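# Results of the structural survey
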Amino acid sequence: MHKVLTVVFCALVSIWMQGQQTNPITLQKQLKEVDDTTKLRLLNELYQYYIVVNYDSALLFSQERKNIAEKLNDSVEIANSIRSIGACYWTKGDTEKAFEYFTLALNKFIESGYEPGIASAYNNLGLVHYDFGNHSNALEYYLKALKIYEQLDNKKNIAALC
């Protein structure tokens, strides 16, 4: 089942990336010429590109994003980068490490009060619990994510959960 979820995850990211027309070489060159805030965005785009083609590169870009976010003391970006690191491990099949990073991300999102991030982290933890075979825990996390997405009227993510 993990392989099916990984394929679906990669397909969705791939479809999204096609719409972005991201050229990773151009993005990497731009990293050298921009301020740290813009670097966060570019590193996220590189992560999103590489998560479907090279997990290790995606992980490196996520870690670099986390370092810059920490330097800027941007708690939401720190949490997003931690969640991205967890997604790299989950996609590679290392559910233990993914669980660790998704839990860290959830705690950071809760500290910052960033509801979309909290919902996303709950969803990620649901995926990991599903992989662990803890289906009741997975459902609990999915329902927590769903509740927040409903409060935010985020129809796209509500549909993705259903």
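Refer to the structure presented above.
Below is a summary of the structure that appears in this document. Numbers given for residues are sequential positions, taken from 1 along each chain in its written order. Note on the predicted model: pLDDT of at least 70 is required for a residue's local features to be given, and 80 or more for side-chain atom pairs to be given and counted; whole-chain, interface and lining totals, by contrast, use all residues. Each side-chain value is derived from all of the structure's non-hydrogen atoms; neither hydrogens nor water enter the calculation.

Helix and strand definitions here come from DSSP, where helices need a minimum of 4 consecutive H or I residues and strands a minimum of 2 consecutive E residues; each element is numbered from the N-terminal end. Counting its secondary structure elements, the protein chain contains nine helices and zero strands. In sequence order, the secondary structure elements of the protein chain are arranged as α-α-α-α-α-α-α-α-α. The buried share of the protein chain, taken over its 162 residues, is 43%. Put simply, the protein chain shows about 8800 Å² of open surface, and 52% of that area lies on carbon and sulfur atoms. For each residue, the accessible area found with a 1.4 Å probe, counting protein chains only, is set against the maximum for its type, and the residue is called buried under 20%, exposed over 50%, and partly exposed in between. Note that accessible areas follow from Shrake-Rupley with a 1.4 Å probe, and for residues the cover is restricted to the protein chains shown.

Expected helix span is given by 1.5 Å per residue-to-residue step, counting one fewer step than there are residues. End to end, helix α4 (residues 55-72) covers 26 Å across 18 residues, agreeing with the expected 26 Å (1.5 Å per residue, within 8%). Those residues of α4 that fall on the buried side of the exposure criterion are Ser57, Ala58, Leu59, Phe61, Ser62, Arg65, Ile68 and Ala69. The N-terminus of α4 is capped by Asn54, whose side-chain oxygen sits 3.1 Å from the backbone nitrogen of Asp56. Asn73 occupies a position one or two residues after α4 and carries a positive phi of about 55°. Pairs of N or O atoms are called polar contacts if they sit within 3.5 Å, as long as, within protein, a hydrogen donor faces a hydrogen acceptor (for residues adjacent in sequence, only side-chain-to-side-chain pairs).

Turning next to the pattern of salt bridges. Throughout this description, the term salt bridge denotes a Lys or Arg side-chain nitrogen within 4 Å of a carboxyl oxygen of Asp or Glu. Following the criterion strictly, the structure yields eight salt bridges and no others. Across the pair Glu70 and Lys66 runs a salt bridge whose closest N-O atoms are separated by 2.7 Å. Separated by four residues within a single helix, Glu70 and Lys66 lie in helix α4, roughly one turn from each other. Note that Lys155 and Asp153 form a salt bridge whose closest N and O atoms lie 2.6 Å from each other. Taken together, the shared-partner salt bridges connect Asp36, Lys39 and Lys71 into one network.

Looking now at unusual backbone geometry. Here Asn73, not a glycine, exhibits a phi torsion of approximately 55°, which is positive. In this structure, Asn73 sits in the loop between α4 and α5 (75-92). Even without being a glycine, Asp153 presents a positive backbone phi close to 55°. Looking at where Asp153 falls in the secondary structure, it is placed in the loop between α8 (135-151) and α9 (155-161).

Core analysis: the biggest nonpolar cluster contains 40 residues, and Phe102 and Tyr122 have the highest contact counts within it. At the level of secondary structure, the elements contributing two or more residues to this core comprise α3 (36-50), α4, α5, α6 (95-112), α7 (115-132) and α8. Here the element with the most residues in this core is α5; it accounts for eight residues. Other than its neighbours up to four places away in sequence, Phe102 contacts Arg83, Gly86, Ala87, Trp90, Ala121, Asn124, Leu125 and Val128. Only buried residues count toward a nonpolar core, which is a set of Ala, Val, Leu, Ile, Met, Phe, Trp, Tyr and Cys residues joined through side-chain atoms within 4.5 Å. Contact between two residues is taken to exist if any of their heavy atoms lie within 4.5 Å; hydrogens are not considered.

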